[in-house]
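# Reading the structure
Each chain, written out:
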Amino acid sequence: MTFSIDLSGKKGIIFGVANHRSIAWGISKILAEAGAELCFTYLNERLKKPVEKTVSEIGNPLLLECDATDENQVENVYKTVKNKYGNIDFIVHCIAFAEREDLGGNFSETNLSGFRTALETSAYSLIPVVGKSIDLFGEDGGSVITLTFDASQRVYPGYNIMGTAKAALENEVRQLAVEFGGKNIRINSISAGPLPTLAARSIPGFSEMNKAHRERSPLKRNISHDEVAKTALFLLSDMSSGITGANIPVDAGYGIIAL
Ligand code: NAD
């Protein structure tokens, strides 16, 4: 039996493309190849040009400014999308940020402002992104994915407050999956191994983390953007229709290793 995933006629919104290295972009390319129609958001005016340049590779998609921590901006984006496309089928949430001073050093020195910034951007943002989307999905429901990291469960020195944010994000995935399951809206996370992106570059010790994954994971290598993207394609398609509230590791198996 041969299966391939065809997303022709499906539409979705991608949050979190910053440049061609973004995980969101890796996911977008595979979704576009599968036939999906995509629209994108970018954080602010400064990022508009690089995002425009990146997404032009797949044509001239709708591109809207959105700070996802602001529920009014999320609502406005959804109104515009609804007017242009009608119902959509999926949402990709690939958003995270922490102040540089709150990554590395002693976790106990995290200040309230840094805690708020990291949690608001990296965890809270999923709440309006999912919560405001109800009218955007049709009667068949839809699928949402977000990106997390193993530091939600185990300590990665340097990742600090982002570990706390990822733990909160994973909990939100479960709560949202229960709340929206009745509308057949599925919400899952992918726990990706380290990938060299803009966000990853600000994590002290990222190259050691990368090396540890390469040397100690059962597959003895790092993962690729494509491997995360293929799992995203599965989770956003009907092939995963029975899965919600789950956290799927794409980490070359690193998460099962104790020593
Ligand atoms: P990236 O820097 O390319 O993407 C992060 C995105 O978040 C950027 O596009 C940025 O504009 C966006 N963003 C930040 N604040 C925002 C806000 N308030 N509103 C809307 N957008 C905002 O880096 P990435 O590595 O592709 O990160 C994507 C996701 O993958 C993040 O959640 C990250 O934690 C997660 N992740 C990354 C790795 C890795 O090693 N790179 C591993 C596991 C999980």
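Heads up: the structure comes first, above all this text.
All values derive from a computational prediction rather than experimental measurement.

Reading across from one edge, S3-S2-S1-S4-S5-S6-S7 is the order of the seven strands in this open sheet, with parallel pairing throughout. In the strand order of this sheet, the two ends are held by strand S3 (63–65) and strand S7 (247–250), each with one partner. In this sheet, neighbouring strand axes are inclined to one another by 20° on average, regardless of whether the strands run parallel or antiparallel. Where helix H6 (residues 161–180) meets the sheet, it contacts strand S4 (90–93), strand S5 (142–148), strand S6 (185–192) and S7, and its direction lies at approximately 160° from that of S6.

In the neighbourhood of the ligand, 28 residues make up the surrounding shell, with Ser-22, Ile-23, Lys-166, Leu-195 and Thr-197 lying closest. Within the side chain of Asp-67, an N or O atom sits 2.8 Å from a nitrogen atom of the ligand. The protein chains hide 93% of the 820 Å² of surface that the ligand would expose on its own. When atom positions are compared with the pocket grids, the ligand is found to occupy the largest pocket.

Attention shifts here to the packing of helix H4 (residues 112–124) against H6. At a minimum axis distance of 9 Å, the contact between H4 and H6 shows a crossing angle of 35°. By crossing handedness, the relation of H4 to H6 is classed as right-handed. Across the interface between the two elements, Gly-114, Phe-115, Ala-118, Leu-119, Ser-122, Ala-123 and Tyr-124 of H4 pack against Ile-161, Met-162, Thr-164, Ala-165, Ala-168, Leu-169 and Glu-172 of H6. Of the residues contributing to the contact of H4 with H6, the split by class is ten nonpolar, three polar and one charged.

Of the volumes computed, that of the largest pocket is approximately 1200 Å³. Taken together, 45 residues make up the lining of the largest pocket; nearest its centre are Cys-94, Ile-95, Ala-96, Phe-97 and Ala-199. Counting only elements with at least two residues in the lining of the largest pocket, the list comes to helix H1 (23–33), strand S2 (37–42), helix H2 (45–55), S5, H6, helix H7 (198–201) and helix H8 (206–216). The greatest single-element share of the lining of the largest pocket, amounting to four residues, is contributed by H7. Partitioning the lining of the largest pocket into residue classes produces 29 nonpolar, ten polar and six charged.

Here we come to unusual backbone geometry. Phi at Lys-220 is positive, roughly 55°, even though this residue is not glycine. For Lys-220, the location among the structural elements is in the loop between H8 and helix H9 (225–236). Residue Ala-252 is not a glycine yet carries a positive backbone phi of 60°. The residue Ala-252 is located in the segment after S7 in this model.

An α-helical turn contains 3.6 residues, so a residue and the one three or four places further along point in the same direction. Spanning 13 residues, H4 covers only 15 Å between terminal C-alpha atoms, well under the ideal 18 Å at 1.5 Å per step. Buried residues of H4: Gly-114, Thr-117, Ala-118, Leu-119, Thr-121, Ser-122 and Ala-123, and no others. N-capping of H4 is provided by Asn-111, with a side-chain oxygen placed 3.2 Å from the backbone N of Ser-113.

This part is about the packing of H1 against H9. At a minimum axis distance of 8 Å, the contact between H1 and H9 shows a crossing angle of 60°. One element, H1, and the other, H9, form an angle in the oblique class. Note on packing geometry: the crossing formed by H1 with H9 is right-handed. Residue-level contacts link Ile-23, Gly-26, Ile-27, Ile-30 and Leu-31 of H1 to His-225, Val-228, Ala-229, Lys-230, Ala-232, Leu-233 and Leu-236 of H9.

This part covers the environment of Asp-67. For Asp-67, the position within the fold is in the loop between S3 and helix H3 (71–85). Between the C-alpha atom of Asp-67 and that of His-93, which follows or precedes it by 26 residues, the distance is 12 Å. Filtering out sequence-adjacent residues up to four positions away, Asp-67 remains in contact with Leu-43, Gln-73 and Val-74.

This brings us to the nonpolar core. Formed by 45 residues in total, the largest nonpolar core has its most connected members in Ile-13, Phe-15, Tyr-78, Val-81, Ile-91, Tyr-159 and Ile-187. The set of elements that each furnish at least two residues to this core consists of strand S1 (11–15), H3, H4, helix H5 (126–131), H6, S6 and H8. The contact partners of Ile-91, leaving out residues within four places of it in the chain, are Ile-13, Phe-15, Tyr-78, Val-129, Ser-133, Phe-137, Ser-143, Val-144, Ile-145 and Leu-236. Listed in part, the 36 residues of the second largest apolar core include Val-17, Phe-40, Phe-90 and Ala-252.

What counts, and at which threshold
Every chain begins its residue count from 1, and numbering advances along the sequence as written. Local features in this predicted model are restricted to residues whose pLDDT is 70 or higher, and side-chain atom pairs enter the listing and the counts only when it is 80 or higher, whereas totals over whole chains, interfaces and linings include all residues. To obtain the side-chain values, all non-hydrogen atoms of the structure were included, while hydrogens and water were left out. Strands qualify as paired when DSSP identifies two bridges or more between them. Numbered from the N terminus, helices here are DSSP runs of H or I no shorter than four residues, and strands are runs of E no shorter than two. Throughout, an axis means a line fitted to C-alpha atoms (over the contacting stretch in the case of helices), and angles, computed between N-to-C directions, take values from 0 to 180 degrees. Note on contacts: a residue pair is in contact if any heavy atoms of the two residues lie within 4.5 Å. Only a single heavy atom is needed: when it lies within 4 Å of a molecule or strand, its residue is near that molecule or strand. Between N or O atoms, a polar contact is any pair within 3.5 Å; within protein, one atom must be a potential hydrogen donor and the other a potential acceptor, and residues adjacent in sequence are included only when both atoms are from side chains. Only the protein chains shown count as cover for residues, with accessible areas throughout obtained via the Shrake-Rupley method and a probe of 1.4 Å. Site definitions follow a grid-based scheme: protein atoms alone, a 1 Å grid, a 1.4 Å probe that fits but cannot get out for cavities, and for pockets an open set with protein on both sides within 12 Å along at least five of seven lines, plus lining residues having an atom within 4 Å of a point. The way we define it, a molecule is inside a pocket or cavity when more than half of its atoms are within 2 Å of that pocket's grid points. The crossing is said to be left-handed when, going from far helix to near helix, the turn is anticlockwise and less than a right angle, and right-handed when the turn is clockwise. Residues are grouped as follows: Ala, Val, Leu, Ile, Met, Phe, Trp, Tyr, Cys and Pro are nonpolar; Asp, Glu, Lys and Arg are charged; every other residue, Gly included, is polar. Grid points are joined across faces, edges and corners, and a volume is the space filled by probe spheres set on the points. Multiplying 1.5 Å by the residue count of a helix minus one yields the expected span of that helix. Whether a residue is buried, partly exposed or exposed follows from its accessible area with a 1.4 Å probe, protein chains only, as a fraction of its type maximum: under 20%, in between, or over 50%, in that order. Under this scheme an angle from 65 to 115 degrees is roughly perpendicular, one under 35 degrees roughly parallel, and one over 145 degrees roughly antiparallel; angles in between are oblique. We call a set of buried Ala, Val, Leu, Ile, Met, Phe, Trp, Tyr and Cys residues a nonpolar core when their side-chain atoms join them within 4.5 Å.

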